[in-house]
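Topology and contacts: notes
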Amino acid sequence: MRIITLLTDYGLEDNFVGVMKGVILGINPNVRIVDITHCVKPQDIIGAGFLLKGSYRFFPEGTIHLVVVDPGVGSKRNAIVVETSDYFFIGPDNGVLSLALDSVRKVVRITNERYFLRPVSSTFHGRDIFAPVAGYLSKGISVDRFGKETKRCKDLNIPKAKKDGDRIIGQVVYIDHFGNLITNIDKKVFNRFVCKKIRFKGTYINKISINYRQTKKRSPLAIFGSFGNLEISIREGNAKDYFCAGVGDVVSVSI
Amino acid sequence: MRIITLLTDYGLEDNFVGVMKGVILGINPNVRIVDITHCVKPQDIIGAGFLLKGSYRFFPEGTIHLVVVDPGVGSKRNAIVVETSDYFFIGPDNGVLSLALDSVRKVVRITNERYFLRPVSSTFHGRDIFAPVAGYLSKGISVDRFGKETKRCKDLNIPKAKKDGDRIIGQVVYIDHFGNLITNIDKKVFNRFVCKKIRFKGTYINKISINYRQTKKRSPLAIFGSFGNLEISIREGNAKDYFCAGVGDVVSVSI
Amino acid sequence: MRIITLLTDYGLEDNFVGVMKGVILGINPNVRIVDITHCVKPQDIIGAGFLLKGSYRFFPEGTIHLVVVDPGVGSKRNAIVVETSDYFFIGPDNGVLSLALDSVRKVVRITNERYFLRPVSSTFHGRDIFAPVAGYLSKGISVDRFGKETKRCKDLNIPKAKKDGDRIIGQVVYIDHFGNLITNIDKKVFNRFVCKKIRFKGTYINKISINYRQTKKRSPLAIFGSFGNLEISIREGNAKDYFCAGVGDVVSVSI
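This report concerns the structure included in the present document. These numbers come from a predicted model, not from an experiment.

To continue, consider the sheet that holds strand 6 (residues 104-109) of chain A. A sheet is described by the order of its strands in space; here 7 strands give the open sequence 2-1-3-5-4-6-7 (chain A), paired in mixed fashion. Two strands lie at the open edges of the sheet, namely strand 2 (32-37) and strand 7 (149-150) of chain A, each paired on one side alone. Across the sheet, helix 1 (residues 16-27) of chain C is in contact with strand 1 (3-8) and strand 2 of chain A; its angle to strand 2 of chain A comes to roughly 145°.

What follows is the structure, encoded as C-alpha cells:
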C-alpha cells in the first residue's frame, strides 16, 4: 500500500486536513495517509522546509510527500510534482520542497485539470489540486501526465552558517515543541574544526554534550540533535523560554 | 474498506479519541478511520454542524460520519443514526447532524443495548454507544437493528442572512484557523443581487476578490471561500485579530 | 492487521510523530497505527501512565502499546518491552507503563542493536529504538529477541487515597481537556463506605451525580467518570478554571 504523507499549516481546528484525506481516499481507497504535522506556523515556508528535510528519508521508498504551505494560493505561483530517485514530492513551487530534493529525476508543473477537483476554488488548492494529484499519483499515474516538465524549481532562502576568522557564525532556524533551538550549523561544517566554546545571547557553553544528562538540571547545553544540526537546549527545561530566544538569534562558535 | 470519520470536541490532549478508535477496531478491524477534527470548541454544536456541512460530501459514498459534540450526554436526549442516499451519520439528536442531511432515507433512534459497550458510563457515550454503533454499522449491520425509526430529528438554530431593503444582513458564524471570518451569506443568495459594497465593523470593502492577491498586503478583502460562503479575510494576515471579530458580528452588503 | 498505539509527549507541532510512523511502516507496512495522544505535558510520566491505564484495555488483544515519555533519554535508564496475557507494552523503564501491567508474562530489557535504527541518536530514541522495536514486534518477532529477561520494572509513584478517621483523603491526579478534575479515589475504595459529602477547596458537594444534568448549570458536581475514578466537574463549565485547581489539590470525602 503506497504512503502519502501530509505536511501543512492548516492546523487541526478546522476540517481542512480531514477533507483532503476524503478527497485522496475517494480517488485511491488503498493508500495509507500519514500526518507529518499540520501545525506549521501559518505561511512559514522555512519551518515547513526544515521539517520536511528532517522527515522524508524515514519513509519507505516510493512514498509521496505532499506539502501545502502556500501563501501564494490563488496567484500565479506554480504547483509542482517532483520525482527523485526514492520519493515523490508535491507542493507549491515556493521553495518549501527544496531542502528534500536529492537526486531529482523530473520536475513537472501541475497544469492538467483532468486531475483536479472542479470547480477549483481560489483558496483551497490543498483540496482541489494537491490532494487529487497525490491520489492519482499514488495509483501509479506517471508524473508526466500532470503537466509539462520544467528544469527549475525555486530554492528556499535559508541563511547559511559562515566561518568568520576564528568563529563559525550561525543562527537559530527552527524551534521545536520542547523549546530546543535548532541552528543552521550542521555536523559536517562543525567537524572540520576544533570547537572551543559556544556563545549564545551572552551565555558561554564550553562543550558539546552527548546526551542531556551531561549538564546540571536547568542548565544550558549544546548538542547535535535529531536533525543533525547543533541545538541549544536546557536540561529538563525549555531553551526558548530560558533565553527568550527566537528564530534568527545568532549562535557563535569559537574554533 | 469502509470509512468512518470522526468529528468531536474531545480535544487531542486526552485519550478520548484513541479509545474510541480502539473500540471501533475491536469490532471491525477492517475499517478506515479518518479524523475531521477533534478541536471543536467544547459543546459548540453550531461550529461542529458547520464543519460537518463543509466536509461530508468530500468522502466516498457509504462513508459513516460520526459526530460527538454532546452537551446533553447522560440526559434524555436521543442518539440517532441517519441513512441518506449517499452516507450514514451518527450522533446525538441535538441538531449537530442537521446541516448535512440531504436526501434522508431513514432516521433511527439508537436504543438497542446489544450494540453498546457495557456498562454504559454516564459521561462517555462516544466510547460506549457511538463508537460501537459506528463499528457495527461499518460491518454492514442495517440501521434498523439499532432501534426504532423516527420521523423527526432536531434542526440546528443557525441564524439566516436576510434581505433588508437595499442590504443583505448576515453575520459571522464560524472563524477558521487562519482567522478568516465565515459568514452565513452563501453564494446562491449573493448572486441574486448586484453587490455594491460590504460593510464590516465600520470598514467598507468595495469588491469581491477572486483570490487573496487582489488586495494590498495586510488589507481586508471579501471572498467566497472553500465553504461556499462569503468570508472576510486579511491578505497575509488574520481577520479575527485585525477586526477583534467574533461569531455573531454583523456583515452588511449594499445591493 | 496488528495495531500499534502511540502515547507520547512529542506534541503535534514537530515531525517527531510522523517520523516514528515512517520508521514503523518501513519495517512493517501492514500494521495499523493509532494515536492515543501526543499532548502529554513534556516529561509528565504520571499523566501518561494514567492515560495509558484508561486506554489500553479498549484495544483488541495483541495490540502493541508504545509509550514514549522519557525524561531520561540518552542516560542509563533501561528501555523495556513487556508481554502481558493480552497485550504488549514498549517504553522507557521509568514507571510510565506500570499502571497498565496486569498479568505480566515477561519483561525484557531492550538491548539488541540489531533491531535499532543506526546510528542511535542521544535525543530521539522514539525514532531510533522504540519505533523500530515496535515495528519488528508487530511482525511477530518474539520479545526474547530484543534482549534479556528481567524480573523487575519500575513502578510509578502515584499518591494513593487514604482513610483518615471518618474521611477519605485523596487528591487530583489528572485534569482532562474539559477541565474535569480526576482524583485518585477509585470506585472500589469509595463503595466500601457511605459518603456523606465531598469537600474540595472549601466547597462542599453533597452527593454523587449519575450524570451532568443532576446539578444546576455552572455548579460543581462529583461524578464517577470514564476512568472509574471520582471526578470533580462543573456542569457545562470548566472545573479547573472554576476552582483554580491543579494536580495535587486535596479532595476529602466525609464517610
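The next subject is the relation of the copies chain C and chain A. Mapping chain C onto chain A calls for a screw motion: a turn of 120° about the axis and a shift of 0.0 Å along it, with 0.0 Å RMSD after fitting. The superposition operator between the copies reduces to a three-fold rotation axis. Little of the interface of chain C is mirrored in chain A, where only 6% of its interface residues are also at the interface.

Residue and element names in this part refer to chain A. For the coordinates displayed, the defined rule picks out 30 salt bridges over all chains. The partner of Lys-217 in a salt bridge is Glu-236, and the shortest N-O contact between them spans 3.7 Å. Taken as a pair, Lys-217 in the loop between strand 13 (208-209) and strand 14 (220-224) and Glu-236 in the loop between strand 15 (229-234) and helix 5 (239-243) lie far apart in primary sequence, 19 residues in all. One network of salt bridges, in which partners are shared, links Lys-217, Arg-235 and Glu-236.

Moving on: the relation of the copies chain B and chain A. Its rotation angle being 120°, the transformation that places chain B on chain A also includes 0.0 Å of axial translation and leaves an RMSD of 0.0 Å. Of the residues that chain B buries at the interface, just 7% are likewise interface residues in chain A, meaning the two copies contact each other through different surfaces.

Residue classification places Glu-236 of chain A among the buried residues on the basis of a relative accessible area of 19%. A C-alpha to C-alpha distance of 6.0 Å links Glu-236 of chain A and Arg-218 of chain A, two positions 18 residues apart in sequence.

Bringing the sheet that holds strand 4 (residues 79-84) of chain B into the picture now. Residues and elements named next belong to chain B. Judged by pairing direction, the sheet is mixed, and its 7 strands sit side by side in the order 2-1-3-5-4-6-7 without closing on themselves. One side of each edge strand has no neighbouring strand; the edge strands of this open sheet are strand 2 (32-37) and strand 7 (149-150). When strand 4 meets strand 6 (residues 104-109), the two strands line up antiparallel, connected through 5 bridges. Within strand 6, the position partnered with Thr-84 by the bridge is Val-104.

Turning our attention to the interface of chain B and chain A. Facing 28 residues of chain B, the contacting portion of chain A comprises 32 residues. Buried surface at the junction of chain B and chain A, summed over both partners, amounts to about 2400 Å²; 59% is from carbon and sulfur atoms. The interface formed by chain B and chain A contains 0 salt bridges. Between the two partners, chain B and chain A, sit 9 residue pairs in polar contact (both at pLDDT 80 or more). Sorting the residues of the side of chain B that touches chain A by element identifies strand 2 and strand 9 (167-175) of chain B as the ones contributing at least two each. A total of 5 residues in the side of chain B that touches chain A trace back to one element, the largest contributor, which is strand 2 of chain B.

The next point concerns empty space enclosed by the protein. One pass over the structure, following the stated rule, counts 5 cavities of 30 Å³ or more. Lys-21 and Asp-35 of chain A, Asp-35 of chain B together with Lys-21 and Asp-35 of chain C are, among the 45 residues lining the largest cavity, the residues nearest its centre. At the level of elements, helix 1 (16-27) and strand 2 of chain A, helix 1 (16-27) and strand 2 of chain B together with helix 1 and strand 2 (32-37) of chain C are the ones that each hand at least two residues to the lining of the largest cavity. For the lining of the largest cavity, the per-class residue count stands at 23 nonpolar, 10 polar and 12 charged. If you add up the space inside the second largest cavity, you get close to 40 Å³. Asn-15, Phe-16, Val-19, Phe-124 and Arg-127 of chain B together with Gly-54, Ser-226 and Phe-227 of chain C together form the lining of the second largest cavity. Grouping the amino acids of the lining of the second largest cavity by side-chain chemistry returns 4 nonpolar, 3 polar and 1 charged.

Across the junction of Arg-118 of chain A and Pro-119 of chain A, the peptide omega takes the value 0°, indicating a cis bond. In this fold, Pro-119 of chain A is placed in the loop between strand 6 and helix 3 (125-138). Residue Glu-236 of chain A is not a glycine yet carries a positive backbone phi of 50°. Unlike most non-glycine residues, Gln-43 of chain B shows phi in positive territory, near 70°.

One pass over the structure, following the stated rule, counts 39 aromatic pairs over all chains. Ring plane angle 85° and centroid distance 5.5 Å describe the contact between Tyr-10 of chain C and Phe-124 of chain C, whose orientation is recorded as edge-to-face. Linking Tyr-10 of chain C in the loop between strand 1 (3-8) and helix 1 with Phe-124 of chain C in the loop between strand 6 (104-109) and helix 3 (125-138), this pair joins segments that are 114 residues apart in sequence. Within the aromatic cluster, the residues linked to one another by ring pairs are Tyr-10, Phe-16 and Phe-124 of chain A together with Phe-178 of chain B. Across from the ring centre of Phe-50 of chain B, 5.7 Å away, lies the NZ or CZ of Lys-53 of chain B, which sits over that ring. A cation over an aromatic ring shows up here: Lys-197 of chain B above the ring of Tyr-204 of chain B, its NZ or CZ 4.8 Å from the ring centre.

Here is what the cut-offs are and how they apply
Residues numbered from 1 in each chain as written. Chains lettered and ligands numbered in written order. Predicted model: local features only at pLDDT ≥ 70, side-chain atom pairs only at ≥ 80, totals over all residues. Heavy atoms only, no water. Pairing = 2+ DSSP bridges. Helix = DSSP H or I, 4+ residues; strand = E, 2+ residues; numbered from the N terminus. Contact = heavy atoms within 4.5 Å. Axes fitted to C-alpha atoms, helices over the stretch in contact; angles between N-to-C directions. Least-squares fit on C-alpha atoms with pLDDT ≥ 70 in both. Salt bridge = Lys/Arg side-chain N within 4 Å of Asp/Glu carboxyl O. Buried < 20%, exposed > 50% of the residue type's maximum accessible area, 1.4 Å probe, protein only. Buried area = accessible area lost by both parts, 1.4 Å probe. Polar contact = N/O pair within 3.5 Å; in protein donor to acceptor, adjacent residues only side chain to side chain. 1 Å grid on protein atoms, 1.4 Å probe; cavity = no way out; pocket = protein on both sides within 12 Å on 5 of 7 lines; lining within 4 Å. Points joined across faces, edges and corners; volume = space filled by probe spheres on them. Nonpolar A, V, L, I, M, F, W, Y, C, P; charged D, E, K, R; others polar. Phe/Tyr/Trp six-rings, centres within 6.5 Å; stacked < 30°, edge-to-face > 60°. Lys NZ or Arg CZ within 6 Å of the ring centre and 35° of its normal.

All we've got here are geometric facts, nothing functional implied.
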